[in-house]
Each structure stands twice: as C-alpha cells, then as structure tokens.
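These are the residues of each chain, in order.
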Amino acid sequence: KFYFKTNKMWDLKCIVAAICFTTSNILFIVHGAFLYKSHHTGQDDGSSNSGFSFNTWKQLDPTYIEERWEVQRNERPILMCAVLFGILAWFSMMGPLVQ
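All residue numbers refer to position in the chain's written sequence, counted from 1. At least 70 in pLDDT is required for a residue's local features to be given in this predicted model, at least 80 for side-chain atom pairs to be given and counted, and no such filter applies to totals for whole chains, interfaces and linings, which use all residues. Only hydrogens and water are set aside; all other atoms, that is, all heavy atoms of the structure, feed into the side-chain values.

## Comments concerning the environment of glycine 32
Point 1. Where helices and strands are cited, they refer to DSSP runs of H or I of at least four residues and of E of at least two residues respectively, numbered from the N terminus. The residue glycine 32 is located in helix α1 (residues 12–39) in this model.
Point 2. Only protein chains enter the accessibility calculation, which uses a 1.4 Å probe. A residue is then buried if its area is under 20% of the maximum for its type, exposed if over 50%, and partly exposed in between. Taking relative accessible area as the criterion, glycine 32 reaches 33% and is therefore assigned partly exposed.

What follows is the structure, given as structure tokens:
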C-alpha cells in the first residue's frame, strides 16, 4: 500500500492564484460569449442593426457605428475585471515561484 501523506499546508498564495486564474478565465469566457452573441444576432443584409452587419459597417453608417461602440462600452467592465483577476493571479503566483 502506498499512501501519499504530507504534513505541509497548502500555500495560501498558490490557492489565491488558482482562484484568480479560474475567475479570470471564466470572465474571459463570459466576455467572449457576449461578443459572439452581439456579433451574431443581426442579419448580414443590413436589415437589422442589432448584430454585426458587414454591409452597414462598410457603408460607415454613423448610427450603426455608435450602436457597435455602445455594445463594446457595455461589455468593457467584464473584460477589465477578467484582466484585473489575471494580473492579481500572476502577481500572487510570483512569490511561490521565486521561493
């Protein structure tokens, strides 16, 4: 019988880094899902401005461009939180890596 037994406690910094990495990746996936949804809800013939339309984008329609910027502006906090958790994960991982 082989038992893996250790008396060492898990390093708190590694646990925090793992939680931050996981949270960051989940937020990136959520952001990607929102981007996919916003790009694929409209039709490409220009009849609907709710999604991405190459024809309307090509014509540089000001209202369409404003709507696209509004969508990006609404999704930016999720992206910034994902980046922040990623940064926190890497900085909390630096201690155990250096030791």
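## Observations concerning the pattern of salt bridges
Point 1. A carboxyl oxygen of Asp or Glu within 4 Å of a side-chain nitrogen of Lys or Arg is what we treat as a salt bridge. Following the criterion strictly, the structure yields one salt bridge and no others.
Point 2. One salt bridge connects glutamate 70 with arginine 73, and the closest N-O pair in it is separated by 2.6 Å. With glutamate 70 and arginine 73 both in helix α3 (residues 62–98), this residue pair falls three residues apart, about one helical turn.
Point 3. On the accessibility criterion, arginine 73 (52% relative accessible area) is exposed.

## Points about the environment of lysine 13
Point 1. Within the secondary structure layout, lysine 13 lies in helix α1.
Point 2. Distance from lysine 13 to proline 96, taken between C-alpha atoms, is 7.1 Å for residues 83 residues apart in sequence.
Point 3. In contact with lysine 13, not counting residues within four places along its chain, are Ser92, Pro96 and Gln99. Here a residue-residue contact requires only that any non-hydrogen atoms of the pair lie within 4.5 Å.

## Some details on the side chain of glutamate 75
Point 1. Structurally, glutamate 75 can be placed in helix α3.
Point 2. Among all residues touching glutamate 75, those that are not within four sequence positions of it are His31, Phe34, Leu35 and Ser38.

## A look at the packing of α1 against α3
Point 1. Helix axes are fitted only over the stretch in contact, all axes being lines through C-alpha atoms; the angle between N-to-C directions runs from 0 to 180 degrees. Between α1 and α3, the least distance of the axes is 8 Å, while the angle of their chain directions is 160°. Taken together, the axes of α1 and α3 lie roughly antiparallel to each other. Where α1 crosses over α3, the two elements pack in a sense that is left-handed.
Point 2. Of the residues assigned to the contact of α1 with α3, the class counts are 22 nonpolar, seven polar and three charged. Comment on the angle field: the value is read as roughly parallel under 35 degrees, roughly antiparallel over 145, roughly perpendicular from 65 to 115, and oblique elsewhere. Helix crossings fall into two classes, left-handed where the near helix is turned counterclockwise from the far one by less than a right angle and right-handed where it is turned clockwise. Each residue gets one label: Ala, Val, Leu, Ile, Met, Phe, Trp, Tyr, Cys and Pro are nonpolar, Asp, Glu, Lys and Arg are charged, and the others, such as Gly, are polar.

## Structural notes on α3
Point 1. The terminal C-alpha atoms of α3, which comprises 37 residues, lie 52 Å apart, in line with the 54 Å expected from a rise of 1.5 Å per residue.
Point 2. We define the bend at any residue as the angle between the axes fitted to the seven residues before and including it, ending there, and the seven starting there. When the local axis directions of α3 are compared, the greatest deviation, roughly 40°, occurs at glutamate 75, which is followed within four positions by the proline proline 77.
Point 3. Within α3, burial applies to Tyr64, Arg68, Glu75, Ala82, Gly86, Ala89 and Ser92. One less than the residue count of a helix, multiplied by 1.5 Å, gives the span that helix is expected to have.

## Description of α1
An α-helical turn contains 3.6 residues, so a residue and the one three or four places further along point in the same direction.
Point 1. Taking 1.5 Å of rise per residue, 28 residues should cover 40 Å, and α1 covers 40 Å from first to last C-alpha, within 8% of that figure.
Point 2. Those residues of α1 that sit buried are Ala17, Cys20, Ser24, His31 and Ser38.
Point 3. Of the surrounding elements, those touching the buried residues of α1 are α3.

## Notes on the packing of aromatic side chains
Aromatic rings considered in pairs are described by the distance between their centres and by the relative angle of their planes.
Point 1. Think of it this way: a Phe, Tyr or Trp ring, Trp meaning its six-membered ring, pairs with another when their centres are within 6.5 Å, and the plane angle makes it stacked under 30 degrees, edge-to-face over 60, tilted otherwise. Tallied over the full model, the rule gives one aromatic pair.
Point 2. Aromatic pair phenylalanine 21 and tryptophan 90: ring centres 5.0 Å apart, planes at 85°, arrangement edge-to-face. Highlighted residues: phenylalanine 21 in helix α1 and tryptophan 90 in helix α3, separated in sequence by 69 residues.
Point 3. By relative accessible area, which is 24% here, phenylalanine 21 ends up partly exposed.

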